[in-house]
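# Secondary and tertiary structure notes
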Amino acid sequence: MSEDLKSSSVLIIDEMHDSIFPMLERIGVKADYRPEIKPIDVCEALAGHEGLIVRSKMRITADTLKHTAKLKYVARAGAGVDNIDAAALQERGIALLAANEGNRQAVGEFALGMLLSLMRNITRGDRQVRQKVWLREENRGEELGGKTVGIIGFGNMGLSFARILQGFGCRIIAYDRFAPEKICAPYECVSLEELQREADVVSLHIPYIPENLNFADEAFFRNLKKRVWFINTSRGDVVQLSALVEHLQNGKLKGAALDVLENEKLQSLTSEQQQDFDALVQASNVLLTPHIAGWTHESYVKINEVLVDKIRKLIK
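Residues numbered from 1 in each chain as written. Predicted model: local features only at pLDDT ≥ 70, side-chain atom pairs only at ≥ 80, totals over all residues. Heavy atoms only, no water.

Scanning the protein chain for helices and strands turns up 12 helices and 12 strands. Expected size for 316 residues packed as a compact globule is a radius of gyration near 20 Å; at 22 Å, the protein chain falls within 12% of this value. Over its C-alpha atoms, taken along the principal directions, the protein chain stretches across nearly 70 × 45 × 35 Å. By residue count, 48% of the 316 residues in the protein chain fall in the buried class. Roughly 16,000 Å² of accessible area belongs to the protein chain as shown, and the carbon and sulfur atoms make up 50% of that amount. Distance between charge centres in the protein chain, computed from 40 positive and 43 negative side chains, equals 4 Å. (Helix = DSSP H or I, 4+ residues; strand = E, 2+ residues; numbered from the N terminus. Rg over C-alpha atoms; globule rule 2.2 N^0.38 Å. Buried < 20%, exposed > 50% of the residue type's maximum accessible area, 1.4 Å probe, protein only. Areas by Shrake-Rupley, 256 points an atom, 1.4 Å probe, with all protein chains shown as cover. Lys, Arg positive; Asp, Glu negative; His and termini not counted. Charge placed at Lys NZ, Arg CZ, Asp CG, Glu CD.)

This is the structure we're talking about:
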């Protein structure tokens, strides 16, 4: 092992699965594990380290990096990198790594679970039976087989969902404005307009970047030609919540499953956000979960495996 590898170190500022430590040790990287560190102290703590591993504790900006003469990479222990200023890293020649592959299976399975629960009234039926309400006809559902599922965003998460859907006899169409070449048989590459025209189900798998802010806005929902089931397991900021609520209430949407919200700090909602949130909570055709689509025991370890492999290739 070279001296460079022996002296390599990484600051870890979020809780990580214990498997990260032997993995890093095997590639010659020493972990400075400080999950309790306060964001205000991270800048100074980074001095002397070649790497930083972060989950969601804080936003990594140019100010965070001002004392990092040796920093070579920032690794995000998860899929999205919207809490990291990529331009600031690029300006400093610091690599940005993410573990998108680590939780793609988890997200694909979760999206399917949400969809089936919506279409078959599983969650609603469970709540009713617990209250000794037994309604069969009122909970008659729809089958997924034969439906057209429209997937928006065909990276790791969108492709995972598509693969999991294959056994259900669906037509799977997909739109990806940045990498349409990823969409190939047995999936159909379509325009956004065609997806809005043909889909019975719409599932979002896009990252939060400025271009995707309120991607699903009032016009997006209005341009859907069918009444659809809507799923978002990506980022809350890509959906204009007021528009979603409006189209739930006017019947344009059959139901919605949301694992993410534009403001996930539920104790600090604005008055408008509170109004939209209340409408979602009261709707029987809405599922809400606390950003757990990619949150499994298996993905907790897989994320480490992906990150460490990318760090190994970088320092090699």
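Tracing the backbone through its elements, the reader meets Ser203 in strand E9 (residues 201-204). The exposure class of Ser203 is buried, given its relative accessible area of 0%. In this structure the side chain of Ser203 is engaged in a polar contact, spanning 2.7 Å, whose partner is the side chain of His205. With residues near it in sequence (within four places) discarded, Ser203 still touches Gly150, Ile151, Ile152, Phe161 and Ile231. (Polar contact = N/O pair within 3.5 Å; in protein donor to acceptor, adjacent residues only side chain to side chain. Contact = heavy atoms within 4.5 Å.)

Inside soluble globular proteins, nonpolar side chains tend to come together where they are buried. Ranked by internal contacts, the top residues of the largest apolar core, which has 33 residues, are Ile152, Phe221, Phe230 and Leu244. Only strand E7 (171-175), helix H8 (192-198), E9, helix H9 (218-222), strand E10 (228-232), helix H10 (241-249), strand E11 (253-258) and helix H11 (271-282) provide two or more residues apiece to this core. With five residues, the single largest contributor to this core is H10. Counting residues in each nonpolar core, the second largest holds 24 residues, with Met119, Ile151, Ala162 and Leu287 among its members. (Core = buried A, V, L, I, M, F, W, Y, C linked by side-chain atoms within 4.5 Å.)

What follows covers the confidence of the model for the protein chain. On average, the protein chain scores 95 in pLDDT, and the residues at 70 or more come to 98%. Taken together, the stretch residues 1-6 has pLDDT below 50 and engages in seven contacts with residues farther than four places along the chain or on a different chain. (pLDDT = per-residue confidence, 0-100.)

UniProt's entry tags residues 10-315 with the feature "domain: D-isomer specific 2-hydroxyacid dehydrogenase catalytic" (unreviewed entry), counted in the numbering of this structure. Spanning residues 10-315, this segment combines 35% helix with 16% strand, and its end C-alpha atoms are found 12 Å apart. (UniProt positions renumbered as here; feature names shortened; annotations may be inferred.)

For any two helices packed against each other, one specifies the inter-axial angle together with the distance between the axes. Taken N-terminus to C-terminus, the directions of H10 and H11 make an angle of 35°; their axes are 10 Å apart at the nearest point. Once H10 is placed against H11, the crossing between them reads as left-handed. Counted together, Leu241, Ser242, Leu244, Val245, Leu248 and Gln249 of H10 and Glu272, Asp276, Ala279 and Leu280 of H11 form the full contact between these two elements. By residue class, the composition of the contact of H10 with H11 is six nonpolar, two polar and two charged. (Axes fitted to C-alpha atoms, helices over the stretch in contact; angles between N-to-C directions. Left-handed = near helix turned anticlockwise from the far one by under 90°. Nonpolar A, V, L, I, M, F, W, Y, C, P; charged D, E, K, R; others polar.)

Here we take up the sheet that holds strand E5 (residues 95-98). Where strands meet in a sheet, backbone hydrogen bonds hold them as pairs that are either parallel or antiparallel. In space, the five strands of this open sheet follow the order E2-E1-E3-E4-E5, with parallel pairing throughout. Because the sheet does not close on itself, it has two edges, and the strands there are strand E2 (30-33) and E5. This sheet shows a mean twist of 20° between the axes of neighbouring strands, independent of strand direction. Strand direction decides the pairing type here: strand E1 (residues 9-12) and E2, joined by four bridges, are parallel. Note on E2: the bridge partner recorded for Ser9 is Lys30. In the packing of helix H12 (residues 297-315) onto the sheet, the strands contacted are strand E3 (51-54), strand E4 (73-76) and E5, and the crossing angle to E5 comes to about 155°. (Pairing = 2+ DSSP bridges.)

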